[in-house]
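Close look at the chain arrangement
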Amino acid sequence: MLESTTSPVEELKRKIATRQTVVGVVGLGYVGLPFAVEKAKVGFKVIGVEQNPRRAGRISNKEKRQDVNLDLFPRMWEVYA
């Protein structure tokens, strides 16, 4: 009996389409944080990694930033320093 198998690429495409994959973002500065927020807004779980503990703490506490509204998304988030 032959089993139907999908390629790893096809499996990844399926997980992306159904928002079952996790997006990892390294560096939550002026590019990384807005990117992470946009991915979270469309339904992905996002894990952010930031080397600056102070910045990571501010992001985890959803402190205001001029370029990104961290209150716009409900489910993002794990941030690691």
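Residues numbered from 1 in each chain as written. Predicted model: local features only at pLDDT ≥ 70, side-chain atom pairs only at ≥ 80, totals over all residues. Heavy atoms only, no water.

**Comments concerning unusual backbone geometry**
In plain terms, the rule: Numbering of helices and strands runs from the N terminus, with a helix taken as a DSSP run of H or I at least four residues long and a strand as a DSSP run of E at least two residues long. For the exposure calls, accessible area comes from a 1.4 Å probe over protein chains only, and a residue counts as buried if that area is under 20% of its type's maximum, exposed if over 50%, partly exposed in between.
Phi is positive for R19, close to 60°, though the residue is something other than glycine. Relative to the helices and strands, R19 resides in the loop between α1 (8–17) and β1 (22–26). Since its relative accessible area comes to 35%, R19 is described here as partly exposed.

**Regarding the side chain of E50**
Cut-off, in case you're wondering: Throughout this description, a polar contact denotes any pair of N or O atoms lying within 3.5 Å of each other; where both atoms belong to protein, one of them has to be capable of donating a hydrogen while the other can accept it, and for residues adjacent in sequence the pair is counted only when both atoms sit in side chains.
Turning to its location among the elements, E50 is positioned in the loop between β2 (45–49) and α3 (53–60). One polar contact links the side chain of E50 to the main-chain amide nitrogen of L28, over a distance of 2.8 Å. Here the side chain of E50 touches N52 through a polar contact of 3.1 Å, landing on its backbone nitrogen.

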